[in-house]
Amino acid sequence: MYGVPRRIINDAVKKNSSLKIKQKLKYRKVNPYEKNRGEKIPLFELSVESFSLFGLGVGQYFVQLLFYSLLFACMGMILISTMDTYAKEYDHPKGYDSVAQIWSVSCAEPVEVVATENCPDSASSCVAKYRDNCPLHKSAVITDLVFCSVFFFCIFILQYFEGEMEEDLDEAIQSPQDYSIMVTNPPLDATDPDEWYSFFAKFGNVKYVTVSRKNKTLGNILYRKYQFISDYYGGLSAMEDVDPESESDVNSLRYLEKCIRQDLEEEGDSSSPHLDPMLLRAASAIRKQGSSSKIINDDGVPTPGTWDYFWYLTTPSMLYREAMLLYNGGKPYYQHMLAKLDLEVCTAYRNFYAANQVYISFNLESDKRKCLQKLEVADIKHYLPSVYGDEDLIRFRGEHVLNCVECPEADNIIYANTESSTLGRRKLQLIAGCVSGSVLLGLYYFIEVFRSNSLLLTAVVGIVDVNLPFIYYYFASMEDPPDYDDLHDSVLTKLFIARFMISVVFTYFVNVEWADMLTPHVVNNILVIQITVCLFAPVCTFADSYGIFERQFVSRALANTREDMNNWYRGSYWLLSERYSCFAKVITVSLFYALLTPFGVFIAAFALFLTYWLDRYLLLRKWRASPMMDATMSNRFRQMVCFAVAAHMYVTVLLIYGWPHDSAVKVSDIDDTDPDAFHFAYADKIPPWFSYTMAIHPEWMQQSQIDTLTVYNIFTLLAVLLTIYIWVGQRIVEGLRFLFYTGQLVET
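Presented here is an overview of the structure given in this document.

The rules behind each value
All chains use their own residue numbering, which begins from 1 and follows the written sequence. Where totals are concerned, whole chains, interfaces and linings use all residues; where local detail is concerned, this predicted model gives features only for residues with pLDDT of at least 70, and gives and counts side-chain atom pairs only at 80 or more. Here the side-chain values reflect all heavy atoms present in the structure, with hydrogen atoms and water set aside. Between rings of Phe, Tyr and Trp, where Trp is taken as its six-membered ring, a pair exists when centres lie within 6.5 Å; planes separated by under 30 degrees are stacked, by over 60 edge-to-face, and by other angles tilted. Throughout this description, buried means an accessible area under 20% of the type-specific maximum (1.4 Å probe, protein chains only), exposed means over 50%, and partly exposed covers the range between. A run of H or I in DSSP becomes a helix once it reaches four residues, and a run of E becomes a strand once it reaches two; helices and strands are each numbered from the N terminus. Look at NZ for Lys and CZ for Arg. If either is within 6 Å of the ring centre and within 35 degrees of the ring normal, a charge sits over the ring. Each salt bridge in this description consists of a side-chain nitrogen of Lys or Arg and a carboxyl oxygen of Asp or Glu lying within 4 Å of one another. Any two strands with at least two DSSP bridges between them are considered paired. Polar contacts, as counted here, are pairs of nitrogen or oxygen atoms within 3.5 Å of one another; within protein the pair requires one atom able to donate a hydrogen and one able to accept it, and residues that are adjacent in sequence qualify only if both atoms are side-chain atoms. Here, two residues are considered to be in contact whenever any of their heavy atoms come within 4.5 Å of each other. Multiplying 1.5 Å by the residue count of a helix minus one yields the expected span of that helix. Whenever a pair of cysteine sulfur atoms sits within 2.5 Å, that pair is classed as a disulfide. Computed over the protein atoms alone on a 1 Å grid, cavities are sets of points where a 1.4 Å probe fits but cannot get out and pockets are open sets with protein on both sides within 12 Å along at least five of seven lines; a residue lines them when it has an atom within 4 Å of a point. Grid points are joined across faces, edges and corners, and a volume is the space filled by probe spheres set on the points. Basically, the charged four are Asp, Glu, Lys and Arg, the nonpolar ten are Ala, Val, Leu, Ile, Met, Phe, Trp, Tyr, Cys and Pro, and anything else, Gly included, counts as polar.

**Overview of the packing of aromatic side chains**
A complete count under the given rule lists 39 aromatic pairs for this structure. Relative to Phe 475, the ring of Tyr 474 lies with its centre 6.1 Å away and its plane at 55°, an arrangement referred to as tilted. Overall, Tyr 474 belongs to the exposed group, its relative accessible area being 55%. With relative accessibility at 9%, the residue Phe 475 sits in the buried group. Ring geometry for Tyr 580 and Phe 637: centres 5.3 Å apart, planes at 40°, overall tilted. In this pair, Tyr 580 is assigned in helix H21 (residues 576-592) and Phe 637 in helix H23 (residues 632-658), connecting sequence segments 57 residues apart. A residue is classified by how much of its surface remains accessible, and Tyr 580, at 0% relative accessible area, is buried. Lying across the ring of Phe 678, Lys 666 places its NZ or CZ 4.6 Å from the centre.

**Comments concerning the pattern of salt bridges**
Counted under the stated rule, the structure contains 14 salt bridges. Across the pair Asp 465 and Arg 499 runs a salt bridge whose closest N-O atoms are separated by 3.0 Å. Separated by 34 residues along the polypeptide, Asp 465 in helix H16 (residues 454-477) and Arg 499 in helix H17 (residues 484-508) bring together distant segments of the chain. Judged on exposure class, the residue Asp 465 and its partner Arg 499 are both buried. Members of the salt-bridge network, linked through shared partners, are Asp 465, Arg 499, Glu 578, Arg 579, Lys 585 and Asp 615.

**Some thoughts on the pairing of strand S13 (residues 678-682)**
The sheet contact formed by strand S4 (residues 111-117) and S13 spans 2 bridges and is parallel. Bridge pairing links Glu 117 to Ala 681 in S13. Of the strand pairs in this sheet, strand S12 (residues 664-668) and S13 are connected by 5 bridges, and their pairing is antiparallel. Note on S13: the bridge partner recorded for Ser 668 is Phe 678.

**Topic: the sheet that holds strand S3 (residues 39-40)**
Pairing is antiparallel across the open sheet formed by 3 strands, whose spatial order is S2-S1-S3. Bordering the open sheet on either side are strand S2 (27-29) and S3, each of which pairs with just one other strand. One ladder, built from 2 bridges, connects strand S1 (residues 6-9) with S3; its direction is antiparallel. Within the sheet, the bridge partner assigned to Arg 7 lies in S3 and is Glu 39.

**As for the side chain of Thr 85**
Locating Thr 85 in the fold gives a position in helix H3 (residues 80-89). Assessed through its relative accessible area of 17%, Thr 85 is described here as buried. Only 2.9 Å separates the side chain of Thr 85 from the backbone oxygen of Ser 81, close enough to count as a polar contact. Aside from chain neighbours lying at most four places away, what touches Thr 85 is Tyr 90, His 137 and Ser 139.

**Side note on helix H15 (residues 422-448)**
With 27 residues, H15 should cover 39 Å at 1.5 Å per step; its first-to-last C-alpha distance of 39 Å lies within 8% of that length. Residues of H15 that are buried include every one of Arg 425, Ala 432, Ser 436, Leu 440, Leu 443, Tyr 444 and Ile 447, and no others.

**Examining the state of the cysteines**
Following the criterion strictly, the structure yields 2 disulfides and no others. Disulfide pairing is shown between Cys 107 and Cys 134; the S-S distance is 1.8 Å. An S-S torsion of about 60° defines the bridge between Cys 107 and Cys 134 as right-handed. Of the two residues, Cys 107 is situated in the loop between helix H4 (99-102) and S4 and Cys 134 in the loop between strand S5 (126-130) and helix H5 (138-172); the sequence distance between them amounts to 27 residues.

**Brief notes about the layout of surface pockets**
Estimated volume of the second largest pocket: approximately 470 Å³. If you go around the second largest pocket, you meet 21 residues; those closest to its centre are Trp 659, Pro 660, Lys 685, Gln 702 and Gln 705. Counting only elements with at least two residues in the lining of the second largest pocket, the list comes to S12 and helix H24 (703-740). For the lining of the second largest pocket, the class distribution of residues is 10 nonpolar, 5 polar and 6 charged.

Structure, rendered in structure tokens:
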């Protein structure tokens, strides 16, 4: 039974591992059904790297959380000079004089003036807005540029250390994946394990051979049969989960088992409602035992008590199933349906199911590496084997070029989706993407309803943000991902886009007038959004309100069996992709308007540090065990951080271009009698969205503003190009490398 993670002495650390690795990986996590339960993993003794006991993905998540919390705190020091400048140079009106607001840009509302030059439609005069005493401080822009440059540098420094850590941990921790390879393109009729054993035995001592077939149809039929039997037997399929120390639970379940078995064996009128009295007797027996409190197992996890099981027996799903059985004739209907399912199973067993994938496990890791070196070929040779007929390639049956890759972790594979073709997945990904975009568009119009009320808007954004993971997890599951890494990578990408659009673009970017961007109330709303986004999510996650709701209400409505009921009490569901998306959202929101609200960097530093400790506690004490995942999401997250910095720099260019975000400029009159005479000229200061004007600048722009904009433009263009390369270019380069070259492993 899954419960609180526990640890024991790790005997699997390789003898040739470094002393540093041996100390960090002295312990290993206890398997769910292992007899030696060891001890609870302590909250404060565990090193950051040791979180890789839960998978490289989880380990790198905690490393990145701690790194970026410290990075934001240190990088905030760079922006202190900017905050000091804002506090001294800008007048902050009453009501907008908190610490965070004083350290932010705050310009007065623009006043309406009459412009007599450059008016639209060649008019002689027009009304324009003019804002005075709101200068653009060059020092603030230079500081921001230094901040972004150092931030980019630190991202790539972390990437280097993560790669080193990943290699060390992979070398130190042994798992079946270290000894196994996977053949992704076996011949359809190659279903004999002995044939595969004979082929791979030439590379080393083969321990296991598993041939996965395309038998999803058979699996679905068997599952339907199991589900049908489980529906009838109620909670009997999980009798081993009953706590032997709880006499009330044991007696109640034994009585329930006895009633059901008597019901199946007794003779009589087939139309009599057999199941209804059984349920009433079982419920009555549990009532007599009393409403005991929830049991605490040896892992400290609460399990359902007898009162929960009484509710389980009377849930809507249970009553509906029993009503349907009674409506269809009681026990004879059950026997008829069971015979029908048995016939389907027998018919399905007679069909031939082609080979889907083959898993080979060697006795030694060196044999696995040797096998990959001999069999791994460039992708072009795999797709066009006839073109390379004269090459000395090792072929299965003398004609098949096998595509052999390192096997993923066993619990990371979604076996039900391994039969899906690449083209089929691409179609499903397109459909899921369109549906996700439609939902995002609907959320935009939903948020628009609450835009007039700032406080209500913030609450709605927070509620929508909390519920997004479940929506997009369902959409990502529609894509038939072959493993949980691909599934969570899809969820992470969709969630990041949705949360970025909702928290930043939809809220205060699309419909905010550029003339209002520097006003105190808009800057204050940006700060409120930053605080809400950074602190609302970790607090909600720690409260586990959704998990409590599931256990107390959803479980009683949806549990089909006793085993299903127990599943709701084995820790709260959590998604690594959801945690990464919250992580990326905090960084993106805090950086987006950093030129206007540099204090948001310190808010992000505190939020990330708080998230590290809250997630650490939840992982070790509250969350359910998750599959072991690799560093795929860590790499995706790095791309998102680069996007966040590039997006901040792009928005900063727009802010610099239109500063001080009004529509009039003061022009001095040529008048000897009054040297201070001036008039207003209309100026369209709305920045161009998709063009960089580094060479041509409007006449109204001052020279200092032109110089600042030109320098920042150049660095922004470099940041955008670098981000595009990280998102797209790296995949193209990697694809070309594997297309023409092998990624042969060096034996170590």
